[in-house]
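# Remarks on the overall topology
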Amino acid sequence: MSAGALGPWLLIAMENAARAQFSIGAPPESSPTPAIHDIRPPLDVFPYPMWMVLTAGGIALAVLALAVTLIVRAMRNRPKAPPPTPREIALKRLREAEADLTRKEPYAFSIQVSDILRQYVSAQYHLHATEQTSPEFLSDAAKSPHFTGADKQLLTQFLERCDLIKFARIDATEEESKALLDQAVRFVKGSVL
């Protein structure tokens, strides 16, 4: 096609472009302007139905109750510490008696230490040491398989020293009371089976 043939088409296209430019910004004359409404407030829309919320709440409460029950049961069934052994009790009482060494006279101290040792033997070996005289106690200890020869010798020395202080009323010194306490401690510690 030649440039002359394009002329009328070009004129028409330019007219249409000019009309389109003026008509874009202008409102159409035939349609009325729609009314603008205000923004509505947001709607609360809960995403789950009420039966689902109640079921989930019930399950959560049941799980919580089960957890609390299991924790309480575990705390009640927790193993308790074993009671102290006669040896532990005797050693504790002998340590406490050591504090009385300087405060008590040798007579009272020897009775205290002798009672601790006799109660230990009664509890540990089921001998009637607290109800017997020293010779009866030594006789039963000699027959008992629980004591070694060293234990029996130490027990004999201890009871002889206690009897001298208690019954012969010899004047014992603080060092002799300390030696009596040491013998009792050695006997309790040394008589491990």
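By convention here, each chain's residues receive numbers from 1 onward along its written sequence. Local features in a predicted model are, by the rule used here, given only for residues with pLDDT of at least 70; side-chain atom pairs are given and counted only at 80 or more, and totals for whole chains, interfaces and linings are based on all residues. As a rule here, side-chain values cover all heavy atoms of the structure and leave hydrogens and water aside.

This part covers the overall build of the chain. Only DSSP runs of H or I with at least four residues qualify as helices, and only runs of E with at least two residues qualify as strands; both kinds are numbered from the N terminus onward. From N to C terminus, the chain includes 7 helices and 0 strands. When the helices and strands of the chain are read in sequence order from the N terminus, they spell out α-α-α-α-α-α-α. Note on exposure labels: buried denotes an accessible area under 20% of the residue type's maximum, exposed denotes more than 50%, and partly exposed covers the range between, all computed with a 1.4 Å probe on protein chains only. When each of the 193 residues of the chain is scored for burial, the buried share is 23%. Sequence-distant contacts in the chain: of pairs separated by 6 or more residues, those separated by 24 or more amount to 60%. Shrake-Rupley sampling with a 1.4 Å probe provides the accessible areas, and residues are treated as covered by the protein chains on show and by no other component. For the chain, the accessible area works out to roughly 14,600 Å², and carbon and sulfur atoms hold 64% of it. Working rule for contacts: check all heavy atoms of both residues, and any pair within 4.5 Å makes them a contact.

In this section: the packing of aromatic side chains. Ring pairs shown here join Phe, Tyr and Trp side chains whose ring centres sit within 6.5 Å, with only the six-membered ring taken for Trp; geometry is labelled stacked below 30 degrees between planes, edge-to-face above 60, and tilted in between. Overall, the coordinates contain 5 aromatic pairs when judged by the stated rule. A ring pair is formed by Tyr120 and Phe187, whose centres lie 6.5 Å apart and whose planes are at 85°; its orientation type is edge-to-face. Of the two residues, Tyr120 sits in helix H4 (residues 106-125) while Phe187 sits in helix H7 (residues 174-190), which places them 67 residues apart along the sequence. We note that Tyr120, like Phe187, is buried.

Glancing now at the environment of Glu98. Mapping Glu98 onto the fold places it in helix H3 (residues 86-100). By relative accessible area, which is 39% here, Glu98 ends up partly exposed. Sequence spacing of Glu98 and Asp182 is 84 residues, and the spatial spacing of their C-alpha atoms is 9.6 Å. Setting aside residues up to four positions removed in sequence, Glu98 forms contacts with Lys178 and Leu181.

In this structure, Val121, Phe158 and Phe187 are the most contacted members of the largest nonpolar core, which totals 29 residues. Elements that contribute at least two residues to this core include exactly H3, H4, helix H5 (134-143), helix H6 (149-166) and H7. If you tally residues by element for this core, the top one is H4, at 7 residues. Beyond its immediate sequence surroundings of up to four residues, Phe158 is in contact with Val113, Ser114, Leu117, Leu180, Gln183 and Ala184. By convention a nonpolar core is built from buried Ala, Val, Leu, Ile, Met, Phe, Trp, Tyr and Cys residues, the set being connected through side-chain atoms within 4.5 Å.

Once that is clear, we can look at the packing of H4 against H6. With their axes 9 Å apart at the nearest point, H4 and H6 run at an angle of 145° to one another. For the crossing formed where H4 meets H6, the hand is left-handed. In this structure, H4 contributes Pro106, Tyr107, Ser110, Ile111, Val113, Ser114, Leu117 and Arg118 to the contact, and H6 contributes Leu155, Phe158, Leu159, Cys162, Ile165 and Lys166. Working convention: axes come from line fits to C-alpha atoms, limited for helices to the stretch in contact. Angles between N-to-C directions cover 0 to 180 degrees. Crossings are classed by handedness, with left-handed meaning an anticlockwise turn of the near helix from the far one by less than a right angle and right-handed meaning a clockwise turn.

Further remarks concern the pattern of salt bridges. We define a salt bridge as a contact between a side-chain nitrogen of Lys or Arg and a carboxyl oxygen of Asp or Glu at a distance within 4 Å. Following the criterion strictly, the structure yields 4 salt bridges and no others. Arg103 is paired through a salt bridge with Asp100; the nearest N and O atoms lie 2.9 Å apart. On the accessibility criterion, Asp100 (16% relative accessible area) is buried. In the salt-bridge network here, residues are joined through shared partners; they are Glu98, Lys178 and Asp182.

Let us now look at the side chain of Ser177. By the element assignment, Ser177 lies in helix H7. The buried category is assigned to Ser177, whose relative accessible area is 3%. Filtering out sequence-adjacent residues up to four positions away, Ser177 remains in contact with Leu101, Pro106 and Phe109.

Moving on, we come to the confidence of the model for the chain. Mean pLDDT over the chain works out to 82, with 84% of the residues at or above the 70 mark. Per residue, pLDDT measures the predictor's confidence, with a range of 0 to 100. Here helix H1 (residues 3-25) stands out as the element of the chain with the lowest mean pLDDT, 61, in contrast to helix H2 (residues 50-76), whose mean of 94 is the highest.

The phi angle at His126 is positive, at roughly 60°, despite the residue not being glycine. Inspection of the secondary structure puts His126 in the loop between H4 and H5.

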